[in-house]
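A structural walkthrough
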Amino acid sequence: MLPTYQRIGGTSQPPNPLLAVRRSFRSSEKCLILLVLLTFGFVCFGGFFFLPDNFGADRVLKVYKQFQKAGPEIFIPPPPPAHGLLEGDEDPHKLNDREKLQEKIQKEMPDDILEKPDLDVGHTSGPEFDNVLDSGVAAAGPMAGGPAGVVAPPQMLDEPDLKGGPSSSKGSTAGSGGFHTFNSSVGEDPDPAVREKRNKVKEMMIHAWDNYKLYAWGKNELKPLSKRGHSGSIFGVFDLGATIVDGLDTLYLMGLHKEYDEGRDWVERKFTLENVGSDLSVFETNIRFIGGFLTCYAFTGDRLFLEKAKYVADKLLPAFQTPTGIPYALVNPTNGISKNYGWASGGSSILSEFGTLHLEFSYLSDITGDSVYRERVQAIRTVLKEIEKPKGLYPNYLNPKTGKWGQQHMSLGALGDSFYEYLLKAWIQSGHEDDEAREMYDDAMQAIIQNMIRTSPGGLTYVSDLKFERLEHKMDHLACFAGGLFGLGGTTLNNQYSERYMEIGEGLTSTCHESYVRTYTRLGPEAFRFNDGVEAKALKSQEKYYILRPETFESYFVMWRLTHDQKYRDWAWDAVQALEKHCRTPNGYSGLKNVYLTDPQKDDVQQSFFLAETLKYLYLIFSDDSLVRLEDWVFNTEAHPLPVRGRNLLYRAAATSNAP
């Protein structure tokens, strides 16, 4: 062994520690190293000879299968087998174990883990899937104890209930209405070609929903080109799931069970207005959220939707605190502060907004037994009935503080449209008992016919805007719902106006169709004009866009149901093909910036109303009349069907309801 230190310089002087060079370990260090080596060897030796062989793939798989088979019995021994249990029979002590375990997981698992549903796109194909859906979307026949023709909504089952008992789904167990036997052929047209077209519209809904789910789940809308949520929507950056709430009843009608359950689970776990710190549109929140929740409640009896509808309505009530009772347009759901748009004629409220609350609020009072909602909209009705109307018409602006009209601008399109729709539909919804609403509707329509309905040199009927007693000879795409409005007015009550209403309804629907087929894309512009030798065409660049709007298809649907004229189905199918050709993208559907171009630029927004309205109306056009019968249901302006009181057993009025 070498000496511990080697001296430098060959001197006999004591070594200088600073000049010493280390050549070996001390004895204590050698012992420590030896101990570590011995310990490592012992562990390796013991592991090799004494531990079980877990290195083989087969061994691991066997152990896994044993755990999988054993389940809870590893820790809690199972009770002895029941006496007389035969081989192959299931132990009664193990029944429902899987269901109980799943229920426990869902209760204890954090919400954020289940925030986004399974993205299994492949589940929507194949004949077996189509057969299950078709059997689930059929409407029921006449209900026991109810008037003939009352139609129940589709059953939310994996397979139809052939025994006539109540469904075991969330909807039926939570509600009071239950479900009845479903015939798989009801709701389907007997013509195979028509059924194929209906299935195509269903596939479009699946494409729109799956891509929203993939790229924008919980956001308000999808940007299909950017593959992300649309934060520039009317509901802003807050994750209110507008597409989910708006599209739920369409999913339900189409029998898309898995998708419906995904949406319902999101509503139950995630929907809230507590984190919204900015203004919401009272009008849009009402027609999309309250309307969507009320329809799902009517369809299913699931009290979750009743509670959500009431919750949202209560958040809107502060907007009604004005001297006249005419609500403001905007409300902050957190602090209740309300206001109007600054651009709206000196701080006025807008006719189409405060006049489009009656259906939802009246129905909400009836099913909750709380009269406050009906009182709020009835106060609006009283103001509008008593106020002096120029030429019998309703201007688009009304000051909520003074109760006086704003600018003298009348329209059946933007700013006015759905007010007139709700006059007629409030009467229909009431079971034809709200005579005040029908009287106001007839008076308004007569004034519009006299002052705003015109016929072009080419024979096209249109409804023009009236500004300061001058016709603008422009018709909005939003006004294309009026074909169905006049049609319903002409068929729901036989009076001296009926024939003229039907004539105008058919004319307006035909004109809106012309606005579509006179573009390259065969999709209609936002507005079209009748002057300077132009008919049913947009002249200004800001009028040439199409944002997946439903109003023309709404009139196709209503006029088809009223007349069964084949042209309405033909026109609807032409529109389906146009949507597929120009608006479909690999990741959803997008609006167009100019419908007159051969290759129009897309606006990169899949509007929530595309799922709520556009696809629903197209689907119903190719369905049998028994699916959502017009005699039993009335559509709100976002195409959410609400039941007719006195005709439809799914009205579900509360026992304490004080409905008139």
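Here is a short report on the structure shown in this document. Fair warning: this is a prediction, and the values are worked out from it, not measured in the lab.

**Describing the overall build of the chain**
For the chain, the count of helices and strands is 20 helices and 18 strands. Counting all 660 residues of the chain, 53% fall into the buried class. Considering only intrachain contacts with a sequence separation of at least 6, the fraction spanning at least 24 residues in the chain is 67%. As displayed, the chain offers around 30,400 Å² of accessible surface, 54% of which is attributable to carbon and sulfur atoms.

**What about the sheet that holds strand β11 (residues 466-467)?**
Pairing is antiparallel in the open sheet, where three strands are placed in the order β8-β11-β12. Among the strands making up the open sheet, the edge pair consists of β8 (409-410) and β12 (470-471). Sheet analysis places β8 next to β11, joined by two bridges and oriented antiparallel. Bridged to Met410 within β11 is Leu466.

**Comments concerning the packing of aromatic side chains**
The description of two aromatic rings rests on the distance between their centres and on the angle between their planes. A complete count under the given rule lists 34 aromatic pairs for this structure. Judged by centre distance (5.9 Å) and plane angle (55 degrees), the ring pair of Tyr212 and Trp217 falls under tilted. A residue is classified by how much of its surface remains accessible, and Trp217, at 9% relative accessible area, is buried. Where Trp573 meets Phe622, the ring centres are 6.1 Å apart and the plane angle is 85 degrees; that geometry is what we call edge-to-face. Here Trp573 is found in helix α19 (residues 566-583), whereas its partner Phe622 is found in the loop between α20 (608-621) and β17 (633-635), with 49 residues between them in sequence. Under the relative-accessibility criterion, Trp573 is labelled partly exposed at 22%. In this structure an aromatic cluster arises from ring pairing among Phe235, Phe271, Phe289, Phe293, Phe305 and Tyr311. Positioned above the aromatic ring of Tyr297 is the side chain of Arg652, whose terminal nitrogen or guanidinium carbon lies 5.9 Å from the ring centre.

**Here we look at α20**
End to end, α20 covers 20 Å across 14 residues, agreeing with the expected 20 Å (1.5 Å per residue, within 8%). Of all the bends in α20, the greatest, near 30 degrees, is centred on Leu615. Among the 14 residues in α20, 14 count as buried, and that is most of the element.

**Structural notes on the pattern of salt bridges**
On inspection of all chains with the given rule, the structure shows 40 salt bridges. Note that Asp189 is salt-bridged to Arg569, the shortest N-O span being 3.1 Å. Within this pair, whereas Asp189 is found in the loop between α5 (170-174) and α6 (192-216), its partner Arg569 is found in helix α19, the two being separated by 380 residues in sequence. The buried category is assigned to Asp189, whose relative accessible area is 11%. What makes Arg569 buried here is its relative accessible area of 6%. With a shortest N-O distance of 2.9 Å, Arg288 and Glu284 are connected by a salt bridge. In this pair, Arg288 and Glu284 are both assigned in helix α9 (residues 282-300), four residues apart and thus about one turn of the helix distant.

**Focus on the state of the cysteines**
A covalent bond bridging the sulfur atoms of two cysteines is what the word disulfide describes. The tally for this structure, following the rule as stated, stands at one disulfide. Between Cys480 and Cys512 runs a disulfide, and the two sulfur atoms are separated by 2.1 Å. What sets the handedness of the Cys480 and Cys512 disulfide is the S-S torsion sign, and at about -100 degrees it is left-handed. Here the residue Cys480 occupies a position in the loop between β13 (474-476) and α16 (482-491), and Cys512 occupies one in helix α17 (residues 498-517), the gap between them amounting to 32 residues. Judged by relative accessible area, which is 1%, Cys512 ranks as buried.

**Brief notes about the nonpolar core**
Among the nonpolar cores identified, the biggest contains 153 residues, and Leu384, Tyr420, Met475 and Leu579 are the most heavily contacted of them. With eleven residues, α9 is the largest single contributor of residues to this core. Setting aside residues no more than four positions away along its own chain, Tyr420 makes contact with Leu351, Tyr394, Ser411, Leu412, Tyr441, Ala444, Met445, Ile448 and Leu485.

**As for the packing of helix α14 (residues 417-429) against helix α15 (residues 435-451)**
Contact pair α14 / α15: the axes reach a minimum separation of 8 Å and the direction vectors enclose 145 degrees. In this structure, α14 meets α15 at a crossing whose hand is left-handed. On α15, the residues that touch Tyr420, Leu423, Leu424, Ala426 and Trp427 of α14 are Asp435, Ala437, Arg438, Met440, Tyr441, Ala444, Met445 and Ile448.

About the thresholds
- Numbering of residues starts from 1 in every chain and runs along the sequence as written.
- Only residues with pLDDT of 70 or above have their local features reported here, since the model is predicted, and side-chain atom pairs are shown and tallied only from 80 upward, although totals for entire chains, interfaces and linings are computed over all residues.
- Side-chain metrics rest on all non-hydrogen atoms present in the structure, leaving aside hydrogens and water.
- Under the scheme used here, helices are H or I runs from DSSP no shorter than 4 residues and strands are E runs no shorter than 2 residues, and both carry numbers assigned from the N terminus.
- For the exposure calls, accessible area comes from a 1.4 Å probe over protein chains only, and a residue counts as buried if that area is under 20% of its type's maximum, exposed if over 50%, partly exposed in between.
- Whether two residues are in contact is decided by their heavy atoms, any of which lying within 4.5 Å being enough.
- All accessibility values rest on the Shrake-Rupley procedure with a 1.4 Å probe; residue burial counts only the protein chains present in the view.
- Strand pairing follows a simple DSSP-based rule, namely that at least 2 bridges must link the two strands.
- Classification of ring pairs rests on two measures: the distance between centres of Phe, Tyr or Trp rings, Trp counted by its six-membered ring, which must be within 6.5 Å, and the angle between planes, read as stacked under 30 degrees, edge-to-face over 60 and tilted in between.
- Geometrically, a charge over a ring is one whose NZ (Lys) or CZ (Arg) sits within 6 Å of the ring centre while staying within 35 degrees of the ring normal.
- Here, expected helix span is obtained from the residue count minus one, scaled by 1.5 Å.
- Bend at a residue means the angle formed by two fitted axes: the first through the 7 residues ending at that position, the second through the 7 residues beginning there.
- Here, a salt bridge means any Lys or Arg side-chain nitrogen found within 4 Å of an Asp or Glu carboxyl oxygen.
- Two cysteine sulfur atoms form a disulfide, by the criterion used here, when they sit within 2.5 Å.
- What we call a nonpolar core is a set of buried Ala, Val, Leu, Ile, Met, Phe, Trp, Tyr and Cys residues that are connected through their side-chain atoms within 4.5 Å.
- Angles run from 0 to 180 degrees between N-to-C directions of axes, and those axes are lines fitted to C-alpha atoms, restricted for helices to the stretch in contact.
- Two helices that cross are described as forming a left-handed crossing if the nearer one is turned anticlockwise from the farther one by less than a right angle, and a right-handed crossing if clockwise.

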